[in-house]
Amino acid sequence: MKSAPPAGRCWGSVSPVYCELLAGVVALGGVFTGAGRTRALFTVTALGACFQVPLAHGLSGTWLGVQGVWWSMVLGTGARYGVTWVFFRRLTGEGAPEGDGDRDTGDAEGTGETGGGRGAGAEDAVDVHKW
């Protein structure tokens, strides 16, 4: 049976990758918070924990031992970053579902007036409530 490297050496080799992925998750999490999409951020965080904890348990039982826990942090954060990136792309409109169309069409309470008062240039704005 092959022995694992010392824990300190393993963490030194995975920490740059982990830190970069974690920085991406935190930065994109700030975008979600600023856009009022905290439920999406909670979903990503909860699913990441549900993935990372069993992975840590499983990898620690292999020849990796304690290093398996460190690797689960890297893999779990990588998965969390991937899901966060997909949600971010949907938030910014690239790959977003079409939804039910433009909400500003039709008249306002039968008055014959159209529009919803979004203002000039609102056609290009991201509608975060659409998806």
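In the block above lies the structure referred to throughout.
Report follows, based on the coordinates. (Residues numbered from 1 in each chain as written. Predicted model: local features only at pLDDT ≥ 70, side-chain atom pairs only at ≥ 80, totals over all residues. Heavy atoms only, no water.)

Glancing now at the overall build of the protein. From N to C terminus, the protein includes 3 helices and 0 strands. Moving toward the C terminus, one meets the helices and strands of the protein in the order α-α-α. Taking all 131 residues of the protein together, 24% fall into the buried category. In the protein, once contacts between residues fewer than 6 apart in sequence are set aside, the share between residues at least 24 apart is 69%. (Helix = DSSP H or I, 4+ residues; strand = E, 2+ residues; numbered from the N terminus. Buried < 20%, exposed > 50% of the residue type's maximum accessible area, 1.4 Å probe, protein only. Contact = heavy atoms within 4.5 Å.)

On to the packing of helix α2 (residues 38–60) against helix α3 (residues 66–91). Viewed as axis vectors pointing N to C, α2 and α3 meet at an angle of 155°, and their least axial separation amounts to 8 Å. In this view, α2 runs roughly antiparallel relative to α3, as classed from their interaxial angle. Considering how the two elements wind past one another, α2 and α3 form a crossing that is right-handed. Looking at the contact of α2 with α3 residue by residue, the classes come out as 13 nonpolar, 9 polar and 1 charged. (Axes fitted to C-alpha atoms, helices over the stretch in contact; angles between N-to-C directions. Parallel < 35°, antiparallel > 145°, perpendicular 65-115°, else oblique. Left-handed = near helix turned anticlockwise from the far one by under 90°. Nonpolar A, V, L, I, M, F, W, Y, C, P; charged D, E, K, R; others polar.)

Taken as a whole and judged by the stated rule, the model has 1 aromatic pair. Judged by centre distance (5.4 Å) and plane angle (35°), the ring pair of W85 and F88 falls under tilted. Taken together, the positions of W85 and F88, both in helix α3 and 3 residues apart, correspond to about one turn of that helix. Taking the relative accessible area as the measure of exposure, W85 reaches 35% and is therefore partly exposed. (Phe/Tyr/Trp six-rings, centres within 6.5 Å; stacked < 30°, edge-to-face > 60°.)

Core analysis: the biggest nonpolar cluster contains 7 residues, these being L28, F32, A40, V44, F87, F88 and L91. Breaking this core down by element, the ones donating at least two residues are α1 (7–34), α2 and α3. In this structure V44 touches R80, V83, T84 and F87, once residues within four positions along its chain are discounted. (Core = buried A, V, L, I, M, F, W, Y, C linked by side-chain atoms within 4.5 Å.)

What follows is about the side chain of Q52. Position of Q52 among the secondary structure elements: in helix α2. The class for Q52 is buried, based on a relative accessible area of 15%. Those residues within four positions of Q52 in sequence are excluded, and the remaining contacts are S72, M73, G76, T77 and R80.

As a further point, take a nonpolar patch on the surface. Taken together, F51, W71 and L75 make up a surface patch of nonpolar side chains, about 280 Å² in accessible area. Taking the relative accessible area as the measure of exposure, F51 reaches 40% and is therefore partly exposed. (Patch = residues over 30% accessible without salt bridge, like charges linked within 9 Å, V, L, I, M, F, W, Y side chains within 5 Å. Areas by Shrake-Rupley, 256 points an atom, 1.4 Å probe, with all protein chains shown as cover. Salt bridge = Lys/Arg side-chain N within 4 Å of Asp/Glu carboxyl O.)

We now examine α3. For α3, with 26 residues, the first-to-last C-alpha span of 38 Å sits near the 38 Å given by 1.5 Å per residue. For α3, the full list of buried residues reads Q67, G68, S72, M73, V74, G76, T77, R80, T84, F87, F88 and L91. G93 occupies a position one or two residues after α3 and carries a positive phi of about 100°. (Expected span 1.5 Å × (residues − 1).)

Moving on to the environment of A27. Among the secondary structure elements, A27 is positioned in helix α1. What makes A27 partly exposed here is its relative accessible area of 48%. Separated by 57 residues in sequence, A27 and T84 have C-alpha atoms that sit 10.0 Å apart.

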